[in-house]
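Reading the structure
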Amino acid sequence: MKIAVVMAVNDVHKEKLQAALPEAEFYFGKDKKELADAEVIIGNIPPKDVAGLPKLKWLQLETAGANTYCSEPTVPQSLLLTNATGGYGINIAEHILGLLLPMMKNFYQYDANQKQGLWKDAGKVRTVYGSTAVVVGFGNIGRRVGLLLKTMGAHVIGIRRRNTALVPEADEMGTLEDLDRYLAQADIVISALPDTPATERIYNKARFDAMKPQAYFINVGRGIAVVQEDLMDALASGHLAGAAIDVAVPEPLPQDSPLWKTPNLHITPHVSGGFHAQITWDRIVDIACRNLKHYAKGEPLENIVDRATGYKK
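Residues numbered from 1 in each chain as written. Predicted model: local features only at pLDDT ≥ 70, side-chain atom pairs only at ≥ 80, totals over all residues. Heavy atoms only, no water.

A few words on the nonpolar core. Membership of the largest hydrophobic core comes to 49 residues, with the highest contact counts inside it found for I3, L17, I42, L100, L149, I218 and L292. Tallying contributions element by element places helix α4 (residues 89-104) first for this core, with eight residues. Beyond its immediate chain neighbours, meaning those up to four positions away, I42 contacts I3, A4, V5, V6, M7, L17, Q60, A288 and L292. Core analysis: the second largest hydrophobic core is formed by 29 residues, L183, A186, I202 and F208 among them. (Core = buried A, V, L, I, M, F, W, Y, C linked by side-chain atoms within 4.5 Å. Buried < 20%, exposed > 50% of the residue type's maximum accessible area, 1.4 Å probe, protein only. Helix = DSSP H or I, 4+ residues; strand = E, 2+ residues; numbered from the N terminus. Contact = heavy atoms within 4.5 Å.)

It is worth spelling out the pattern of salt bridges at this point. Between side chains of opposite charge, a pair can form when the charged atoms approach closely. The full count for this structure, using the stated rule, is 13 salt bridges. D187 serves as the salt-bridge partner of R126, at 3.9 Å between the closest nitrogen and oxygen. Placement of the pair is R126 in the loop between α5 (107-115) and β6 (132-136) and D187 in the loop between α7 (179-183) and β9 (188-191), with a sequence separation of 61 residues. Under the relative-accessibility criterion, R126 is labelled partly exposed at 26%. Between K212 and D187 there is a salt bridge, and its shortest N-O distance comes to 2.9 Å. In this pair, K212 is assigned in the loop between α8 (205-210) and β10 (215-219) and D187 in the loop between α7 and β9, connecting sequence segments 25 residues apart. Residue class for K212 comes out partly exposed when judged on its relative accessible area of 29%. (Salt bridge = Lys/Arg side-chain N within 4 Å of Asp/Glu carboxyl O.)

For helix α6 (residues 140-151), spanning 12 residues, the distance from its first C-alpha to its last is 17 Å, which sits close to the expected 16 Å at 1.5 Å a residue. Along α6, the residues that are buried comprise G142, V145, G146 and L149. For α6, the angular spread of buried residues about the axis comes to 110°, placing them on one side. Among the structural elements, α4, β6, β7 (155-160) and β9 are those in contact with the buried residues of α6. Remark: G153 follows α6 within two positions and exhibits a positive phi of approximately 105°. (Expected span 1.5 Å × (residues − 1). Arc of directions from axis to C-beta.)

Have a look at this one:
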């Protein structure tokens, strides 16, 4: 069996992968001739290239989203497709807190004051403790941030597509059908929604109007979920106290985009995920190692992708 690893790995990762399936032949790189002989590929390749790999039986992605593979007609339905759900939650949840707390504590204003040499009180602040937080998209990332917020004393409401069974990281659970009702209660709204037809432009004028006055809005899911003009209007009117986005449309965000200069909007360039944190990189390799062992034994794999949504079943 030949296994091609196209994702970036270090020497420790290589040893872990080879130890997970020592009888296999491993190739590390992206040479197309080598990939053509692979039964298994670990990492992301262009979806259109899958059709040219006749020996490929299983593709283990390094990303949580797989929608581009699900929408590519040349990717066979027989291909085992697994993603990296579980690898990103820790760092993205901390990134969310890193965006939220400076808004609530006026840190952005104090940073601006410092640059001007101003010793000036920026006024009242707010606390996570006692707030209501609605986390839309309560998968691995949503549950992790829910745990952090709940530990800090927030009342956490998780929103999922279907399953509303209560989990330890939330105080209440609902579906997208309940979204408007919960938005009216939320001091904090966090979106970790995937890119699907059902989530496109879900945060529009009506949704921002439905949010509790002076709420904070954070989006780390996909930029396509937000009508950006409506978000800017909600901030300009003062209806929202602040917002932070790690994703936008398009990406990279053009230098002349009005988003850059929108008051009380804070932007990071889609960096909450990726391999910016070592733990993310290590956990994705660990997912691949566990799945290699499952694959060799003919056991069900972790993180099988739902072809209808592009995310874990």
